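# Analysis of the macromolecular model
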Amino acid sequence: MAASMKGRKCLVIGGCGFLGQHLCEALLEKGWSVQVFDIRSTFEDSRIKFFIGDLCKKEDLKPALEGVYCVFHCASPAPLSNNKTLFYKVNYEGTKNIIETCQEVGVKRLVLTSSASVVYEGKGIRNGKEEELPYASKPLDYYTETKILQEKAVLAANSDDFYTVAIRPHGIFGPKDLQLVPIAVDMAKKGKMKYIIGDGKNVVDFTYVGNVVHGHILAAENLNLGSPICGKAYHITNAEPIFF
Ligand code: NAD
């Protein structure tokens, strides 16, 4: 049974990003006390306490984690940046830093935004089940490689004293998206989308941002000692794949 979260303090790491901003709004509506940690500032809201810092630095993170009930980790360098060193540093080493700092400060819950790409081997997946899908042996790109390392670290950290869960969206769309749809529209305008991969019947599961947020909040509400979700990963979909 989900506990009431009214007044509970949470920290949204990456809260100034696309998903993070939606998550903050939904958490506020549910009565959570919301704090944001991000390396940049993109908006203002008098209901939110902001911490500007680098998640790779313990001294930046510590003050933001004091007294926090649940941490949502949805920070990452942009996938298109293609910066290997940065992906490894932020997604893997930075995530290990978050885990360690949470444990030092006494935070007990961590919800990670992972990615559906961690199980993608280049072949279509229909009716896949999380418990049956292994991590990709040949990840699509270096971003995905570090998302796998990150998710493994978070789920391995789950214990009787520290509860963790990973949410795996794919291709998030919705208001405030600066990447998926704007980039696709730009490519189309430049005439770069006039080809078909495969036989044209491929399916891809884009996820509406509201559904991704809902998954994160359900995860936080149910992340307690002995809960079946502890240490597990969950894909978030829109129920039906979008055909194109
Ligand atoms: P985004 O780029 O809009 O937001 C990420 C935020 O992380 C930014 O505000 C950025 O400033 C912050 N950040 C980056 N490095 C940081 C650091 N060192 N310290 C503190 N903050 C830092 O990205 P998004 O689309 O909102 O994605 C959120 C999460 O969802 C990411 O983990 C991403 O891997 C995952 N994801 C996104 C999609 C998608 O289609 N957008 C799909 C699957 C998974």
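What comes next is a walk through the structure. (Residues numbered from 1 in each chain as written. Predicted model: local features only at pLDDT ≥ 70, side-chain atom pairs only at ≥ 80, totals over all residues. Heavy atoms only, no water.)

### Some points on the site of the ligand
Short version of the rule: Proximity is defined per residue: any heavy atom of the residue falling within 4 Å of a molecule or strand makes that residue near it. Pairs of N or O atoms within 3.5 Å make up the polar contacts considered here, provided that, within protein, one atom can donate a hydrogen while the other can accept it, and that residues adjacent in sequence are counted only when both atoms are side-chain atoms. Under the DSSP-based scheme used, a helix requires at least four consecutive residues in state H or I and a strand at least two consecutive residues in state E, with every element numbered from the N terminus.
The immediate surroundings of the ligand are formed by 24 residues, with Leu19, Asp38, Tyr143, Lys147 and Ile172 found nearest. Phenylalanine 18 places a polar main-chain atom, nitrogen or oxygen, 2.9 Å from an oxygen atom of the ligand. At 2.8 Å from an oxygen atom of the ligand is found a side-chain nitrogen or oxygen belonging to lysine 147. Looking at the shell around the ligand, the elements with two or more residues in it are helix 1 (18–29) and helix 4 (142–156).

### Observations concerning the nonpolar core
Within soluble globular proteins, side chains that are nonpolar generally end up buried alongside one another. Stated precisely, the cut-off is as follows: By nonpolar core is meant a set of buried Ala, Val, Leu, Ile, Met, Phe, Trp, Tyr and Cys residues that side-chain atoms within 4.5 Å join together. Think of it in three bands: with a 1.4 Å probe and only protein chains considered, a residue is buried below 20% of the maximum accessible area for its type, exposed above 50%, and partly exposed in between. In this analysis, two residues are considered to be in contact whenever any of their non-hydrogen atoms come within 4.5 Å of each other.
With 35 residues, the main nonpolar core has Val12, Leu23, Leu27, Trp32, Val34, Phe72 and Val111 as its most contacted residues. Sorting the residues of this core by element identifies strand 1 (9–13), helix 1, strand 2 (33–38), strand 4 (70–73), strand 6 (163–168) and helix 6 (209–221) as the ones contributing at least two each. Ranked by residue count, the leading element in this core is helix 1, at seven residues. Ignoring sequence-local partners within four residues, the contact set of valine 34 consists of Cys10, Val12, Cys24, Leu27, Leu28, Arg47, Ile48 and Lys49. Judged by nonpolar contacts, the second largest core, of 26 residues, contains Ala64, Val107, Phe162 and Ala233.

### Focus: unusual backbone geometry
Its identity is not glycine, yet asparagine 82 carries a phi of approximately 55°, on the positive side. Residue placement: asparagine 82 occurs in the loop between strand 4 and helix 3 (84–105). The phi torsion at asparagine 127 lies on the positive side, around 55°, for a residue other than glycine. You can see asparagine 127 is positioned in the loop between strand 5 (109–113) and helix 4.

### Concerning the pairing of strand 2
Heads up, the condition is: Here, strands pair whenever DSSP counts at least two bridges between them. When the strands point away from the viewer and the path from the first strand over the helix to the second turns clockwise, the crossover is right-handed.
A large share of strand 2 lies buried, amounting to five of its six residues. Inspection of the sheet shows strand 1 paired to strand 2 by five bridges, in the parallel sense. Pairing of isoleucine 13 across the sheet is with phenylalanine 37, part of strand 2. Between the parallel elements strand 1 and strand 2, the chain passes through helix 1 in a crossover that is right-handed. With four bridges connecting them, strand 2 and strand 3 (residues 49–52) associate as parallel partners. Residue pairing across strands places glutamine 35 opposite lysine 49, the latter belonging to strand 3.

### Examining the side chain of aspartate 45
As for its position among the elements, aspartate 45 is in the loop between strand 2 and strand 3. Within polar-contact distance, the side chain of aspartate 45 engages the side chain of arginine 47 at 2.8 Å. Non-local contacts of aspartate 45, meaning those with residues more than four positions away in its chain, are made with Glu25, Leu28 and Phe50.

### A look at the sheet that holds strand 2
Spelled out, the test is: The angle between two axes is taken between their N-to-C directions and runs from 0 to 180 degrees, where each axis is a line fitted to C-alpha atoms and a helix contributes only its stretch in contact.
Strand order in the open sheet formed by seven strands is 3-2-1-4-5-6-10, and the pairing between neighbours is parallel. Sheet topology places strand 3 and strand 10 (232–235) at the edges, where each strand pairs with a single neighbour. For this sheet, the mean inter-axis angle between neighbouring strands, taken without regard to orientation, is 20°. Pairing between strand 4 and strand 5: three bridges, direction parallel. Looking at strand 5, one finds that valine 71 is bridged to leucine 110. Most of the contacts of helix 2 (residues 58–65) go to strand 2, to which it runs at about 175°, and overall it touches strand 1, strand 2, strand 3 and strand 4.

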